[in-house]
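Coordinates in review
Read off the chains here:
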Amino acid sequence: MKKKSKPPVRAKKAAAGNGKKTPALRDLAARCGILIGTCVAPKLDEPDYAEVLAREYDFVTSENHMKWSCLSNAPGVYDFAEADRMMDFARRHRQAVHGHTLLWHNCLPPYLRGYAGSREELIDMVRVHINTVAGRYRGRILVWDVVNEVFADDKADFRPSVFSTVIGREFVPMAYRFAREADPGAKLLYNDYCLEGQIPVKSDFCYQTVREWLAEGVPLDGIGFQAHLDNKSDIGLAAEQMARYADLGLDIYVTELDFRVPLPAGKAMLALQGRLYRDLLRVCLDFPTFRGFQTWGFTDGCSWVPGFFKGMGDSLPFDVKYRPKPGYHGLRTALEECAGRRAKTAPPLV
Ligand code: G3I
């Protein structure tokens, strides 16, 4: 029997909490012609989590459950339950979906750890995996991170991985061609961290390689700037990096933003963080090919940051009790300014 899908979560209160219905981030973003979103953890059954997610955002990514290791633990065996749950939530709440990620050196299934098979077999496994996952969601994913984080952090090179070592760097063009075949309507992104200029050797090598991929006809539509940033981040430098990809005609996405700050974060630090959220979104909104802006989570109660950067945290726009922080208001400000400008410049309807 077909399982009955849950009714949509009601958008019960405006974030400003003043009783007046203020537009949510997603309403403002729509007026700016962009999507605004977040990654999603397996917490859709928690009413507050689901309510804020549905109310504020129109663009979602599964934080972990479309990664190869989360989908499959034996060749040819896939479990899509958690990914499907998010897809269903997104459909009920009219949210576009950003798929993350088809190929990554991290989160490999057991049968690819210590891989000892041939190059041809591995190419076939990559083709079948991409076909299985992107094929299942064909027509329902707006944009896929096809390949994630292939570049080294300390030199102009690819990082060692089962894919680069066994197949060679051609695995990247192959993966994009497989993804285009599996879901011809999805936009295909390259996604990475520190492309915002923190490691010049990495961001320059990425830019050069992306130009080579485009010259070879690799079906690449855009770049995902992960933007795992901190309180010392240089927004002007990030804008310069984005500009050169926008000049190539590529779509620009911010895919995993968080601004980590030292804990405990006082008022002044959170105010600074609010300005950083505002300023990054402001510069993005200036690029004609800027399409979507996502944070890596939305509540400080559910973020990878404290577990990874000791002593840092409080990096997201809502606090642990889902109260909006200065970061949230910073995003609103940037969107309100942009929506106001677009309203003034929009051509008259008659
Ligand atoms: O699900 C298990 C749970 O059963 C177990 O008890 C627990 C104990 O550690 O681990 C749980 O799995 C963890 C999973 O997150 C869910 O919390 C994994 O160990 C942990 O490695 C995994 O970390 C994720 C990480 O990617 C690796 O996949 C983070 O949540 C996720 O935020 C992070 O996201 C990445 C992007 O995909 C790519 N860009 C960088 C970004 C941050 O690292």
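Cut-offs and rules
- Counting from 1, residues in each chain are numbered in the order their sequence is written.
- Per-residue local features are limited, in this predicted model, to residues with pLDDT of at least 70; the limit for side-chain atom pairs, both in listing and counting, is 80 or more; totals at the level of whole chains, interfaces and linings are taken over all residues.
- To obtain the side-chain values, all non-hydrogen atoms of the structure were included, while hydrogens and water were left out.
- Nearness of a residue to a molecule or strand requires only that one of the residue's heavy atoms be within 4 Å of it.
- Polar contact is the term for a pair of N or O atoms within 3.5 Å; when the atoms are in protein, one must be able to donate a hydrogen and the other to accept it, and sequence-neighboring residues count only if both atoms are side-chain atoms.
- The accessible surface values rely on the Shrake-Rupley method and a 1.4 Å probe; as for residues, cover is taken only from the protein chains in view.
- For this classification, Asp, Glu, Lys and Arg are treated as charged, while Ala, Val, Leu, Ile, Met, Phe, Trp, Tyr, Cys and Pro are nonpolar and the rest, including Gly, are polar.
- Between the rings of Phe, Tyr and Trp (Trp by its six-membered ring), a pair exists once the centres lie within 6.5 Å; its type follows the angle of the planes, with under 30 degrees stacked, over 60 edge-to-face, and the other angles tilted.
- Runs of E in the DSSP output that reach at least two residues are strands. Runs of H or I that reach at least four are helices, and both are numbered from the N terminus.
- We call a residue buried when its accessible area falls under 20% of the maximum for its residue type, exposed when it is over 50%, and partly exposed in between, using a 1.4 Å probe and counting protein chains only.
- For two strands to count as paired, DSSP must find a minimum of two bridges between them.

Take the site of the ligand next. In the region of the ligand, 13 residues are neighbours, and Glu 63, Lys 67, His 100, Glu 149 and Glu 256 sit closest. For the ligand, an oxygen atom lies 3.0 Å from a polar atom in the side chain of Asn 64. For the ligand, whose unbound accessible area comes to 790 Å², protein coverage reaches 44%. For the shell around the ligand, the per-class residue count stands at four nonpolar, five polar and four charged.

This brings us to the packing of aromatic side chains. How two aromatic rings sit relative to each other is given by the distance of their centres and the angle of their planes. Tallied over the full model, the rule gives 25 aromatic pairs. For the ring pair Phe 298 and Phe 318, a centre distance of 6.2 Å and an interplane angle of 90° mean the geometry is edge-to-face. Here the residue Phe 298 occupies a position in the loop between β9 (290-295) and α11 (305-308), and Phe 318 occupies one in the loop between β10 (312-313) and α12 (326-345), the gap between them amounting to 20 residues. Both residues of the pair, Phe 298 and Phe 318, belong to the buried class. Seen from their ring centres, Trp 304 and Phe 308 are 4.9 Å apart, and the 45° between their planes marks the pair as tilted.

Right, let's talk about the pairing of strand β6 (residues 222-225) for a bit. In β6, alternate side chains face the same way, and those of Gly 222 and Gly 224 on one face and Ile 223 and Phe 225 on the other are all buried. Note: strand β5 (residues 187-192) against β6, four bridges, orientation parallel. Bridge pairing links Asp 192 to Phe 225 in β6. Here β6 pairs with strand β8 (residues 251-262) via four bridges, running parallel. Bridge pairing in β8 places Gly 224 opposite Tyr 253.

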